[in-house]
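# Analysis of the macromolecular model
Chain by chain, the residues run as shown.
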Amino acid sequence: MSLFDAIRYRMRSVFGREKLEAEREAEFRFHQSLEQQQQRHVGLSPDEARLALRRSFGSDVYYREEVRQMSLASRLEAFTRNVRLGFRSLARSPEFTLATVLTLGLGIGGLTAVAALVKSVMLTPLPYPEPERLVGIWMTLTKLNIESGDHSDASFFLLKDYSKAAVIGAYNRAQVNLSEGDAPERVRGINATAGFFRVLGVTPLLGRVYTDDEDRPGAPAVVVLSEGLWRRRYGGDRSIVGRVITIDGQPTEVLGVMPAALSFPNPDVQLWIPMGFDPARVLPASTNYSLIARLAPGMTHDAARADMQQAMERLPEVYPDAGFGFTTKQYMEIVGARIVVHPLRDDVVGDIGNVLWVLVGTAGFVLLVACANVATLFLMRAEARQREAAVCMALGARRGLSARLMVEGLLLGAGGAVLGFGVASAAIGALVRATAARIPRLDEVGLDLPLILTIVALALLVGLGCSLLPVSRLRTLQVSAVLRAGGRAATGSHDRQRVRQTLVVAQVALAFALLAGSGLLARTWLELRSVQPGFEAGPVLTFRVALPTASYTGVPEITRFFENAREQLATLPGVKSVGVSSSVPLSSSGPAHNTFFLEDKPEAEIAKMSTAVVFGSGDYFRAMGIPLLAGRGFERPDPDQMANEVVVSANLATAHWGDPNAAIGRRLRLAPTVPWTTIVGVVGDVRMQSLERAAEMTVYLPVNSSWLSMGTTGGAEARLVLDLLPRAMTFTLQTSGPPAEIAASARAMMRQLDPALPLFEVAAMNDVVSASMARTTFTAWMLAAAAGIALLLGVIGVYGVIAYTVGMRTREIGLRLALGARPGLVRGMIVTQGVRLVAAGIAVGLILTVMLTRSLQALLYGVGHNDPATLLLVTAMLGGAALLAAWIPATRAGRVDPAVTLGGE
Amino acid sequence: MAPAPGNANPLQGTLELLILHSLSSGPMHGYAIAQHIGRLSDEVLSVEQGSLYPALERLQRNGFVTSAWRATPTGRFARYYTITRSGRKQLGEKMNQYDRTTLAIARVLGRD
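Quantities reported herein were computed from a predicted structural model and do not represent experimental measurements.

A few words on the overall build of chain B. If you tally the helices and strands in chain B, you get four helices and three strands. Traced from its N-terminal end to its C-terminal end, chain B shows the element sequence α-β-α-α-β-β-α. Looking at chain B as a whole, 43% of its 112 residues qualify as buried. Carbon and sulfur atoms form 56% of the exposed surface of chain B, whose accessible area is close to 6300 Å².

Taken as a whole, this structure holds 19 aromatic pairs over all chains when the rule is applied. Linked through ring pairs, Tyr171(A), Phe196(A), Phe197(A), Tyr210(A), Phe264(A) and Trp272(A) together constitute an aromatic cluster. The positively charged end of Arg669(A) is found above the aromatic ring belonging to Trp676(A), 4.1 Å away from the centroid. Geometry around Tyr80(B) places Arg70(B) over its ring, the cationic atom sitting 5.1 Å from the centre.

Quick look at the nonpolar core now. All names here are of chain A. Of all hydrophobic cores here, the largest spans 90 residues; its most connected members are Leu 356, Val 798 and Ile 813. A total of 16 residues in this core trace back to one element, the largest contributor, which is helix H13 (residues 353-384). Apart from residues no more than four positions distant in its own chain, Ile 813 is found in contact with Val 806, Val 826, Ile 830, Ala 893 and Val 896. Core analysis: the next-biggest nonpolar cluster, separate from the first, contains 49 residues, Leu 541, Phe 543, Leu 569 and Phe 615 among them.

Residues and elements named next belong to chain B. In spatial order, the strands read E1-E3-E2; together these three strands make up an open sheet with antiparallel pairing. Among the strands making up the open sheet, the edge pair consists of strand E1 (28-29) and strand E2 (65-71). Judged from the two bridges that link them, E1 and strand E3 (residues 77-83) form a sheet pairing that is antiparallel. Bridge pairing in E3 places His 29 opposite Tyr 80.

Here the focus is the confidence of the model for chain B. All names here are of chain B. Per-residue confidence for chain B gives a mean pLDDT of 83; residues scoring 70 or more make up 88%. Residue range residues 1-11 is modelled with pLDDT below 50. Its contacts to residues more than four positions away, or to other chains, number 14 contacts. Taken together, the chains of this predicted complex give a pTM of 0.66 and an interface ipTM of 0.80.

This next bit is on the packing of helix H28 (residues 823-852) of chain A against helix H29 (residues 868-894) of chain A. Residue and element names in this part refer to chain A. Running from N to C, H28 and H29 cross one another at 150°; their axes reach a closest spacing of 8 Å. Viewed along their axes, H28 and H29 adopt a mutual orientation that is roughly antiparallel. As for how H28 packs across H29, the hand of that crossing is right-handed. Of H29, the residues touching H28 (which contributes Pro 823, Val 826, Arg 827, Ile 830, Val 831, Gly 834, Val 835, Val 838, Ile 842, Leu 846 and Thr 849) are Leu 871, Thr 875, Leu 878, Gly 879, Ala 882, Leu 883, Ala 886, Trp 887, Ala 890, Thr 891, Ala 893 and Gly 894.

Before going further, it helps to examine a nonpolar patch on the surface. A surface patch of nonpolar side chains, about 430 Å² in accessible area, is lined by Leu846(A), Ile847(A), Val850(A), Met851(A) and Leu852(A). Topologically, Leu846(A) is positioned in helix H28.

Residues and elements named next belong to chain A. Put simply, helix H5 (residues 94-123) and H13 touch, their axes get as near as 9 Å, and they point 160° apart. Taken together, the axes of H5 and H13 lie roughly antiparallel to each other. For H5 against H13, the interelement crossing comes out left-handed.

So, about helix H9 (residues 301-312) of chain A. In a regular helix each residue adds 1.5 Å, so twelve residues correspond to 16 Å; H9(A) covers 16 Å between its end C-alpha atoms and thus fits that length. What H9(A) keeps buried is the set Ala304(A), Asp307(A), Met308(A), Gln309(A), Ala311(A) and Met312(A).

What follows deals with the state of the cysteines. Residue and element names in this part refer to chain A. Here the structure, examined in full by the defined rule, presents zero disulfides over all chains. Unpaired in this structure, Cys 371 has its nearest cysteine sulfur neighbour in Cys 466, at a distance of 5.6 Å. The buried category is assigned to Cys 371, whose relative accessible area is 18%.

Here we take up the side chain of Asn82(A). All names here are of chain A. Following the sequence through the fold, Asn 82 ends up in helix H4 (residues 72-92). Residue Asn 82 is classed as buried on the basis of its relative accessible area, which comes to 13%. Those residues in contact with Asn 82 that lie beyond four places of it in its chain are Ala 403, Arg 404 and Val 407.

What follows is about the pattern of salt bridges. In this structure the tally under the stated criterion is 24 salt bridges over all chains. A salt bridge links Arg24(A) to Glu57(B), with the nearest nitrogen and oxygen atoms 2.7 Å apart. With Arg24(A) in helix H2 (residues 17-42) and Glu57(B) in helix H3 (residues 49-61), the pair connects residues from two separate chains. Side by side, Arg24(A) and Glu57(B) carry an identical accessibility label, which is buried. A salt bridge links Arg232(A) to Glu185(A); the shortest N-O distance between them is 2.8 Å. Pair noted here: Arg232(A) is in helix H8 (residues 227-234) and Glu185(A) is in strand E5 (residues 185-192), with a separation of 47 residues, a long-range link.

What counts and how
Residues numbered from 1 in each chain as written. Chains lettered and ligands numbered in written order. Predicted model: local features only at pLDDT ≥ 70, side-chain atom pairs only at ≥ 80, totals over all residues. Heavy atoms only, no water. Helix = DSSP H or I, 4+ residues; strand = E, 2+ residues; numbered from the N terminus. Buried < 20%, exposed > 50% of the residue type's maximum accessible area, 1.4 Å probe, protein only. Areas by Shrake-Rupley, 256 points an atom, 1.4 Å probe, with all protein chains shown as cover. Phe/Tyr/Trp six-rings, centres within 6.5 Å; stacked < 30°, edge-to-face > 60°. Lys NZ or Arg CZ within 6 Å of the ring centre and 35° of its normal. Core = buried A, V, L, I, M, F, W, Y, C linked by side-chain atoms within 4.5 Å. Contact = heavy atoms within 4.5 Å. Pairing = 2+ DSSP bridges. pLDDT = per-residue confidence, 0-100. Axes fitted to C-alpha atoms, helices over the stretch in contact; angles between N-to-C directions. Parallel < 35°, antiparallel > 145°, perpendicular 65-115°, else oblique. Left-handed = near helix turned anticlockwise from the far one by under 90°. Patch = residues over 30% accessible without salt bridge, like charges linked within 9 Å, V, L, I, M, F, W, Y side chains within 5 Å. Salt bridge = Lys/Arg side-chain N within 4 Å of Asp/Glu carboxyl O. Expected span 1.5 Å × (residues − 1). Disulfide = S-S within 2.5 Å.

Here it is as structure tokens:
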């Protein structure tokens, strides 16, 4: 019952406040009147009566206040009153409010956007059931220094049959032509085993996925579409299941549609085709596949790895012949294969981790700088309102004043949160559209509730924290001194100045670190741009086609088509030369790799040699501007013959024969079971994979190379040949004008040759090169933006402190000038103060930078992380800017009129 | 029971004890309570309005006492306070505590 009464009483004090107040008044007056009656009765003299009255009056006020303080309503009322007052006082100083909210908003928004990115890309588990059980199985080739090599179908079968650790799925990337209807389209997809779907565990949106039975060589062609492809190309038609579409010229039945959630390994994947492994034709030495697995419940990564490694040891006994003349035992010794098990997320995320953590650090720094700025602004404002504060303290209302200041801090924090939310949303939107940086899992990035709450909490905390600085100053406020000085504080505010100076030093230091990082990235970018990739990226148009197996069955048909197309394209106006290549440098379709053998070198060294293999034809070298160093290029291929010539890159030639010319006439082959081919030419080195990686050894084969006959061994290798045929080739057209102008006529020409053949990856070579630098460009821009903001804030900070000092020391300056000091001397004095501040900031910044840039190393190219030139440049820049900021108020100091300053009070 | 903020009166707890005890004999209005205490203590303890009403507020907030406006014997309207059941329990506990404390103090002072 008492609880009920207690609650009821408190409710009344919230909701029936006025009535309660009135009642108290009435009760009080009642008590008074009875008192007076009593006093009259007792016979007090009028004086004593008055005294008694006044005494009770005193306690009256106290009582009222006491009572009022106690009620809950009064606390709420006090808070709302403070909020209203806070709004008013903030509105009265709009520059302060605006500056604070803007600074907070930018800092918090930036950090939140980056945090959202890191969270979605790196921390959130993959969107599949029980994602912690999903792993990628990597094959580390210890003897070849390859961390993540591809698997062969032998690994797949072996692990499936002999390892109890997991359900296994294999996949590799594929691109196919969809050609029914009149809009042929090139689409990315995946060849996957039936187990692939079981591993990921996603239920189809429509229909079903294929079974193990349908995943055999020779089974009728079936396909599973992605939701995106289904909606886009087939209009979301629910009758798609069972329909027959044309894939690479073959009629294929659609079995089902997978929801958009299944975007492994990336959202580009539009369809799934059965892998069609043939257990009778297994080749351990032909590696082209990735393996994923769902571990048995409770199985740890280590246990799984050990189990799988054990299974792999049985490879030589189960599949003794590795193909291409190797035995499996030999092959395993050559490569030194080891199984490694990684969480599947690593397969998706790749190496973006470095960039993202750097971004987080950067955003954190910017926020720190912003906080320092806001704290300084608060302090400056507190100085300006000293008089008001002193009055409040004199009246004994210190608690109320502190409360008001803190509420103002909270209000500003709230404003910062709102702006921060907007900034974060915009930033995330921009990041998601910056697909050039190739950040994976971007479709999952967004502002979810935990992040929003974090924004709000952080903003409020910062606002409150910054307001605590002036609140703590209140304690040391010398009330009487302030009131007497009429609002201008005595110079005895040394430690207040010290706080502000510390803040500025911190800002300068942080700005230095950011500028240094930005400088390093900028230099990396410049270095990359000046890298000689080995080809001339003049005006060259590239586009790719892929010939389906159905209409182009073998080498003669393929060769004929490409020769024909090349000749036709060369007749187009504006085209200077046309070449064809299976892989264009720096593009997303990289070259194949293979071991190779040299006729005059002993076999024992072969194990370490792996080369890039590129099919080329026609004027490829001329179109791309790759210099011919010795011998000649390819001759016109005869479609009905196999060619026995190759061209090699300079580094291969010099590595083995010293001089490019010495390589001409030597013989080489790519497998022990194929005929020797003769080296007829040597061309310059080309960086195929990326601008950062040195050019690798490359062998260029003609389209009708004898390698494709694979000697006389049939069986598994014959099947492999079909896979290796250079069906997908890139045309390189050297143009006399801008490449984009030729695109339309090239397309028309190709359509004449084969209407069902889609063109894809149409791009000017310049754009391909830029795209390969996209990630560095992106990171450099981000750091530059952050550094710019930090520099601006730091400079403003220096300006603020110096200007304030000048303001405070106006009298002293006037005195000095009146005593005969030259204005130049006074200016110098002020500037020296600025110099000391900036120097301190730069010193701290240097230490900070040296400690932190080590983490940038992975992103840098051509410049060390402690590059002295960059550090020097940053020092000069920051020092110069900060000194300029100090110079302006110093000039003002020199122009102080002593008569005015000394003549006033 | 939370102490009221800002009140450094060491006799605060005792005042509430006295009020509860006064009310245990029947409902009274504020003035009457003050008179009652004053009279019984021979004016040694005189309760000011400034301490009486805050104490009554506290008692109400904690549910030991309820109040209602009633007519006085002289026809005026006053707020009468009544002790609740939990108030009586609190009274009992406080009285025991008081007894123990005074006994302890007396012992220390060598007065038993």
